[in-house]
Amino acid sequence: MIQFGLSRELRLLTTRHFKFVFEHPKRVSTKYITILSRFNERSHPRIGLTISKKNIKYAHERNRVKRLIRDSFRKNQYQLADMDFIVIAKIGVSKVDNDVLTGILERLWHHHYRLHQKY
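Cut-offs used in this document
Residues numbered from 1 in each chain as written. Predicted model: local features only at pLDDT ≥ 70, side-chain atom pairs only at ≥ 80, totals over all residues. Heavy atoms only, no water. UniProt positions renumbered as here; feature names shortened; annotations may be inferred. Pairing = 2+ DSSP bridges. Helix = DSSP H or I, 4+ residues; strand = E, 2+ residues; numbered from the N terminus. Axes fitted to C-alpha atoms, helices over the stretch in contact; angles between N-to-C directions. Polar contact = N/O pair within 3.5 Å; in protein donor to acceptor, adjacent residues only side chain to side chain. Contact = heavy atoms within 4.5 Å. Buried < 20%, exposed > 50% of the residue type's maximum accessible area, 1.4 Å probe, protein only. Right-handed = clockwise from strand over helix to strand, strands pointing away. Salt bridge = Lys/Arg side-chain N within 4 Å of Asp/Glu carboxyl O. Phe/Tyr/Trp six-rings, centres within 6.5 Å; stacked < 30°, edge-to-face > 60°.

You'll find the chain entered in an unreviewed UniProt entry as Ribonuclease P protein component, with Candidatus Erwinia haradaeae given as the organism. Note on the chain: under the UniProt heading Sequence similarities (unreviewed entry), the record states "Belongs to the RnpA family."

### Looking at the sheet that holds strand β1 (residues 26-29)
Strand order in this open sheet of four strands is β1-β2-β4-β3, and the pairing throughout is mixed. Only two strands of the sheet have a single partner each, and these edge strands are β1 and β3 (46-50). Averaged over all neighbouring strand pairs, the angle between strand axes comes to 20 degrees, with direction disregarded. Sheet analysis places strand β2 (residues 33-39) next to strand β4 (residues 83-89), joined by seven bridges and oriented antiparallel.

### Looking at the side chain of R38
By secondary structure assignment, the location of R38 is in strand β2. Within the structure, the side chain of R38 is placed 2.5 Å from the backbone oxygen of F20, a separation counted as a polar contact. The residues touching R38, leaving out its near neighbours within four places in the chain, are F20, V21, E23, H24, M83 and D84.

### Structural notes on the pairing of β4
Judged by how many residues are buried, β4 sits mostly within the fold: six of seven residues are covered. Relative to β4, β3 runs parallel, the two sharing five bridges. Paired with L49 across the bridge in β4 is V87. Handedness of the crossover is the feature at issue here: the chain leaves β3, passes through helix α2 (residues 59-76), returns alongside β4, and the resulting connection is left-handed.

### Topic: the pattern of salt bridges
For the structure shown, the criterion picks out five salt bridges. In this structure, E23 and R38 form a salt bridge, with 3.5 Å as the shortest nitrogen-oxygen distance. On the criterion of sequence distance, the pair formed by E23 in helix α1 (residues 15-23) and R38 in strand β2 is long-range, its members being 15 residues apart. Judged by its relative accessible area of 52%, E23 is exposed. Bridged by salt links that share partners, the residues D71, R74 and K75 form one connected network.

### Some points on the packing of aromatic side chains
Under the counting rule described, the total for this entry stands at three aromatic pairs. Considering the side-chain rings of F85 and W109, the 5.3 Å spacing of their centres and the 85 degrees angle between planes classify their relative orientation as edge-to-face. Of the two residues, F85 is situated in strand β4 and W109 in helix α3 (residues 98-115); the sequence distance between them amounts to 24 residues. Comparing F85 with W109 shows no difference in burial state: the two are buried. In this structure an aromatic cluster arises from ring pairing among F73, F85 and W109.

### Looking at the environment of K95
Looking at where K95 falls in the secondary structure, it is placed in the loop between β4 and α3. Taking the relative accessible area as the measure of exposure, K95 reaches 74% and is therefore exposed.

Here it is in structure tokens:
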């Protein structure tokens, strides 16, 4: 049975995990979101978020964006390669409504899925 939780093992938690991805990332981006990725040595994908106060002023907006990103990753985790992903929110993402942001994320995950089917 497939489980769609977002357990601790599916998240990038330490500075070392983030640095690993930032060293040699593959990049996919739109006007509002950038996703950096790098293959990991684990048997599952992991996600980390970087959402700055400079780009999204209010905490409730940052929380909404984080919730949507985590939910999108959780739903797509079984189609993704065994990679570490860092999702970076850009200026203006807080003005995008939930449906549009979810669609953007779906396209970015699908792009990663197609990109890494070749490997």
